[in-house]
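# Chains, contacts and geometry: an overview
Each chain is listed here by its residues.
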Amino acid sequence: MKILALTPYAPWPPYGGGTMRIYQLLRGIAHTHSVTCLTFVPNITDQAAVQAQVAPVTVIGVAGPAPRNLRQRAVQTLTNPLPDMALRNVDVSYRQQLDVLLQQRYFDVVIAFSIEMAPYLDVVKTYGIPTLFDEFNAEYVIQQRAAMTDAANPLRWHGALYSLIQWQKLKYFEKNMLATVNGVTVVSTGDAQTLSQLVPTVTPYVVPNGVDTSYFDRRRVVPHPFVRPTLVFSGTLDYRPNIDALRWFVAQVLPLVRKAVPDVVLVAVGRRPTPALLALQAAGEVSLTGEVPDTRAYLCGAHAYVVPMRIGGGVRLKVLEAMALEVPIVSTSLGVEGIDGLNDTHCKIADTPDAMAVAIVETLATPPVTKPTRDFVVANYDWRVIVPHFLQAIANTAIVN
């Protein structure tokens, strides 16, 4: 089968959950199918480097998209009917390259990865090719949660207004887009139910996020030598749900933990920390590592991995990675949302500051047995287990037409 993948960014690790998902799924299906990836690259000279990473996938790079500043985004939020995410990767050159590619080559299925690539599906439809849409999250739900969270804080009412607008735009956009594709894949049963309620005629295939358990294996890692009791958080640090999680944790949970464990420290591993997080570091509340070549050492050195998420959706790859590395985890319910089969032997779940602080103190005092957690991930969330589900979704989509 000949497959064309439309991706918003070059499919190579290690950055970002979406990037890793694209990377693993494309490499997985390329073992049995001919796969071409039309993707954005920062510079066209980067194409060779991307190609080397994802062989045998054939990579065709388009430089871009052009960045938008805050003013442009603000104007578009108020004047454009499309949601911000659907405008993020709009590019004339990419559209033209896609049209030329479809004219010159035959494809059985076109896969659009993430809502950012959905605006290009109208080009594909003109050629009558079956389309599969890989939905990273039920995006309107993320903005709904963000709006409700920020509405409770007068200092964040500007954020609540933005999310309220995006929530409504995304709900309308996702509803219309889902009704036009031949197949939809999602990362969790919860997202499948949400999207089926939005469009009753759609029955999404569940293709979870996963983890390379041979790479995320603590037996292959030299842990970072943390001396004091250390809590680790990881993620891209200009991503709004991660910023909210850290600010809430520092303000509401960390002081309670310090009452019982005065020398505890919080380390946030991730690139592009915002001024708000830099200010927390300056105040001595958190240590920011910045971008690191390998997060595994920090996770394996942690005395507990914290996931204090209050906004977001889907399945977080960073949680699966921590589980595969056998790191004790303390999370909110939202932080581990979408991981089917999870129970209290795999991590501690707490949704209030008091409960989370107690769970962390207990974990620091008596580290849990974590081998069953790794066994659970190996059996259910290794990419080798997940790729066959994606292949089935592709096969079913190809015969729809």
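Residues numbered from 1 in each chain as written. Predicted model: local features only at pLDDT ≥ 70, side-chain atom pairs only at ≥ 80, totals over all residues. Heavy atoms only, no water.

### Side note on the sheet that holds strand 4 (residues 109–113)
Pairing in this open sheet of 7 strands is parallel, and the strands run 3-2-1-4-5-6-7 from one edge to the other. Each of the sheet's edge strands pairs with one partner strand only, and the pair in question is strand 3 (58–63) and strand 7 (205–206). Two strands pair when backbone bridges link them, and strand 4 and strand 5 (residues 131–134) are joined in this way by 4 bridges, in the parallel orientation. When the bridges of strand 5 are listed, A112 appears paired with F133. Across the sheet, helix 2 (residues 47–54) is in contact with strand 2 (34–41) and strand 3; its angle to strand 3 comes to roughly 150°. (Pairing = 2+ DSSP bridges. Helix = DSSP H or I, 4+ residues; strand = E, 2+ residues; numbered from the N terminus. Contact = heavy atoms within 4.5 Å. Axes fitted to C-alpha atoms, helices over the stretch in contact; angles between N-to-C directions.)

### Quick notes on the packing of helix 10 (residues 240–260) against helix 11 (residues 275–282)
One can describe the packing of helix 10 onto helix 11 by two numbers: an axis separation of 10 Å at closest approach and a directional angle of 30°. The orientation of helix 10 relative to helix 11 falls into the category roughly parallel. Helix 10 and helix 11 meet at a crossing whose hand is left-handed. Residues I243, L246, R247 and V250 of helix 10 pack against A276, L277 and L280 of helix 11. Here the contact of helix 10 with helix 11 is composed, by residue class, of 6 nonpolar, no polar and 1 charged. (Parallel < 35°, antiparallel > 145°, perpendicular 65-115°, else oblique. Left-handed = near helix turned anticlockwise from the far one by under 90°. Nonpolar A, V, L, I, M, F, W, Y, C, P; charged D, E, K, R; others polar.)

The analysis is restricted to geometry; functional conclusions fall outside its scope.
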